Amino acid sequence: MARTDARTAHATGVERLLSSYHGVPDGAPVRLAKPTSNLFRARTRTHVRGLDTSGLTGVLTIDPVSRTADVSGMCTYEDLVAATLPLGLAPLVVPQLKTITVGGAVTGLGIESTSFRNGLPHESVLEMDVLTGAGEVLTVSRTENADLFHAFPNSYGTLGYAVRLTVELEPVLPFVALTHRRFHSMPELVAVMEGICQTGALDGVTVDYLDGVVFSPSEGYLCLGFRTAAAGPVSDYTGRKIYYRSLQHEAGVTGDRLTISDYLWRWDTDWFWCSEAFGAQHPLVRALWPRRYRRSRTYSTLMTYEQRFQIGDRLEALKGRPPRERVVQDVELPIERTVEFLDWFLDTVPIRPIWLCPLQLRSTDRWPLYPLQPGKSYVNVGFWSTVPVGTSEGETNRRIERRVAELDGHKSLYSDSYYSADEFDRLYGGETWRAVKQRYDPNGRLLDLYAKAVQRQ
Ligand SMILES: Cc1cc2nc3c(=O)[nH]c(=O)nc-3n(C[C@H](O)[C@H](O)[C@H](O)COP(=O)(O)OP(=O)(O)OC[C@H]3O[C@@H](n4cnc5c(N)ncnc54)[C@H](O)[C@@H]3O)c2cc1C
């Protein structure tokens, strides 16, 4: 779409959003009606009116000189990356799932293998237009309505909806050369990760991308990526081969190469490894599964049906087994407490593999609703599966919350949470949230953060 067409479509989209907002009877709460979602909690409150987001999905402009992109709030990273890669550019952090939107990653947080040097997606936002609960569209930035700008990350749409964002981009090269290093112990793995976070390099060579996977206490891998323009053969994990399995080896180090596009989406094809739950990794099923449906969106749609009809629990019951508790979480530990967490987790929670992704804030800005300390390294630990139910609701999730808090960590809010209101308030900047809510959504048209994140409204 030409630039002016994109701008016109965006302006029409904003008008539709506003008219759907004003069409809701006064005082009634609203939420976004989006065609996709990467939230992982079922809603108990379903009667809230949805706002029209059609027309707010496009890339508006990309400026290769200032290395910025202007996008509508519901633009997916899949669409943004498709527009930036031909110019040799990419967002500073590209969350792994193609349907995550720029607005969603900023308000609900995101992370990827550039986060050890680029921080989190909200840090590369220069300015946003936000529809507030008061029904106005305001521009917010570090200098304009700065209280809303800084409280927006981790507010999950309770302070306003981003309808347009200007984000920074960085140069990329056509290929990523990968090195997968095997470790037989968690302390060794985390020590090497910490060294890379501190210096940005390993053995004197600059590392561009860094994440890792743990299969067992004695089998973990760090996956180091290096930008390269050198031509050569590349692997393809969108077909029969499966990316996460390619990491496993006996030798100390193996290498691989991917196109930059396949690297950025390496985890989308099999939703990390979660496609296994749908049989999509069985060679026969995989051969029959159309390639275009090998993507996270397919699995998250199937998961929605699974949740709605409790298919998993019914199958367990047919086998004479009790239902299972869903444990789908990403938590952040200070890097110096990560080994303690991993030892505890691997000993206590029967979920494998687990994903590791280091991060460090990019600037000294403070983000009060998700208060990570500038200059400090953290490790995101991701685990997405089920465990046998315990004696109380959410037993394993609650134990994880307690352990993370004991180790001074944080937990993302895209999935189930069980905190008390007081604890939630203390952990997620309650005082700031209330002050900003009072200013920009005085009549409470948008939902309450605790109600949304913990009470699943
Ligand atoms: C299994 C799983 C794995 C995940 N793994 C990763 C990962 O590896 N890396 C990563 O970065 N993230 C990951 N996430 C988290 C994901 O990035 C966040 O949940 C993100 O908020 C999803 O964005 P979305 O665009 O899909 O938003 P949605 O899921 O549609 O919405 C999320 C929340 O944000 C609000 N919202 C959406 N758009 C806007 C907007 N424009 N303005 C204001 N509020 C808005 C919604 O109201 C809702 O409360 C994972 C999530 C799941 C379920």
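This is a predicted model, so every value here is computed, not measured. (Residues numbered from 1 in each chain as written. Predicted model: local features only at pLDDT ≥ 70, side-chain atom pairs only at ≥ 80, totals over all residues. Heavy atoms only, no water.)

## Quick notes on the site of the ligand
Taken together, 31 residues form the shell around the ligand, and within it Lys34, Ser37, Gln96, Thr101 and Ile111 come nearest. Backbone polar atom of Leu109 to an oxygen atom of the ligand: 3.3 Å apart, as the coordinates give it. Alone, the ligand offers 950 Å² of accessible surface; in the complex the protein occludes 97% of this. Secondary-structure elements contributing two or more residues to the shell around the ligand are α3 (102-108) and β8 (161-171). The element contributing the most residues to the shell around the ligand is α3, with 4 residues. Per-class residue counts for the shell around the ligand are 16 nonpolar, 13 polar and 2 charged. (Near = heavy atom within 4 Å. Polar contact = N/O pair within 3.5 Å; in protein donor to acceptor, adjacent residues only side chain to side chain. Areas by Shrake-Rupley, 256 points an atom, 1.4 Å probe, with all protein chains shown as cover. Helix = DSSP H or I, 4+ residues; strand = E, 2+ residues; numbered from the N terminus. Nonpolar A, V, L, I, M, F, W, Y, C, P; charged D, E, K, R; others polar.)

## Comments concerning the sheet that holds strand β12 (residues 209-216)
Across the sheet, 8 strands lie side by side as β14-β9-β13-β12-β16-β17-β15-β18; this open sheet has antiparallel pairing. Two strands close off the open sheet at either side, each with one partner strand: β14 (253-259) and β18 (410-411). Looking at chain direction, strand β9 (residues 175-183) and strand β13 (residues 219-228) are connected through 9 bridges and run antiparallel. When the sheet's bridge partners are listed, Ala177 is paired in β13 with Phe226. (Pairing = 2+ DSSP bridges.)

## Observations concerning the pattern of salt bridges
A complete count under the given rule lists 28 salt bridges for this structure. For Arg16, the salt bridge is made with Asp52, and the minimal N-O distance between the two is 3.9 Å. Of this pair, Arg16 sits in helix α1 (residues 3-22) while Asp52 sits in strand β2 (residues 49-52); the two residues are 36 residues apart in sequence, bridging distant segments of the chain. Overall, the relative accessible area of 34% leaves Arg16 in the partly exposed class. Among the salt bridges present, the one from Glu170 reaches Arg227, with a minimum N-O distance of 3.6 Å. (Salt bridge = Lys/Arg side-chain N within 4 Å of Asp/Glu carboxyl O. Buried < 20%, exposed > 50% of the residue type's maximum accessible area, 1.4 Å probe, protein only.)

## Here's the deal with the side chain of His249
With respect to the secondary-structure elements, His249 resides in the loop between α7 (243-246) and β14. Reaching out from His249, the side chain makes a polar contact with the side chain of Thr254 at a distance of 3.2 Å.

## Things to note about the nonpolar core
Counting 85 residues, the largest nonpolar core has Met128, Leu165, Trp267, Trp273, Trp355 and Phe424 as the members making the most contacts within it. For this core, the element with the highest residue contribution is β8, accounting for 4 residues. With near-sequence residues (within four places) excluded, Trp267 lies in contact with Gln96, Glu112, Asp211, Val213, Tyr243, Tyr244, Leu247, Phe272, Trp273 and Trp355. Judged by nonpolar contacts, the second largest core, of 36 residues, contains Phe116, Phe226, Leu333 and Trp344. (Core = buried A, V, L, I, M, F, W, Y, C linked by side-chain atoms within 4.5 Å. Contact = heavy atoms within 4.5 Å.)

## A short note on the packing of helix α12 (residues 338-348) against helix α13 (residues 395-406)
One way to put it is that α12 packs onto α13 with a least axis distance of 11 Å and a crossing angle of 160°. In terms of axis orientation, α12 runs roughly antiparallel to α13. Along this stretch, α12 crosses α13, giving a crossing that reads as right-handed. Facing α12, whose interface residues are Glu340, Phe341, Trp344, Phe345 and Thr348, α13 presents Arg399, Ile400, Arg403 and Val404. Residue classes in the contact of α12 with α13 are distributed as 5 nonpolar, 1 polar and 3 charged. (Axes fitted to C-alpha atoms, helices over the stretch in contact; angles between N-to-C directions. Parallel < 35°, antiparallel > 145°, perpendicular 65-115°, else oblique. Left-handed = near helix turned anticlockwise from the far one by under 90°.)

## Here's the deal with α13
For α13, built from 12 residues, the straight-helix expectation of 16 Å at 1.5 Å per residue is met to within 8% by its first-to-last C-alpha distance of 17 Å. Among all positions in α13, only Thr396, Asn397, Ile400, Glu401, Arg403 and Val404 are buried. Looking at the buried side of α13, the elements it contacts are β15 (324-334), α12, β17 (377-388) and β18. Just beyond α13, the residue with positive phi is Asp408, at close to 60°. (Expected span 1.5 Å × (residues − 1).)

## Section: α12
Of all the residues in α12, the buried ones are Thr338, Val339, Phe341, Leu342, Trp344, Phe345 and Leu346. Packing partners of the buried residues in α12 comprise α6 (186-199), β12, β15, β16 (354-360), β17 and α13.

## Section: the environment of Arg240
Structurally, Arg240 is set in the loop between β13 and α7. For Arg240 and Leu284, which are 44 residues apart along the polypeptide, the C-alpha to C-alpha distance reads 9.8 Å.

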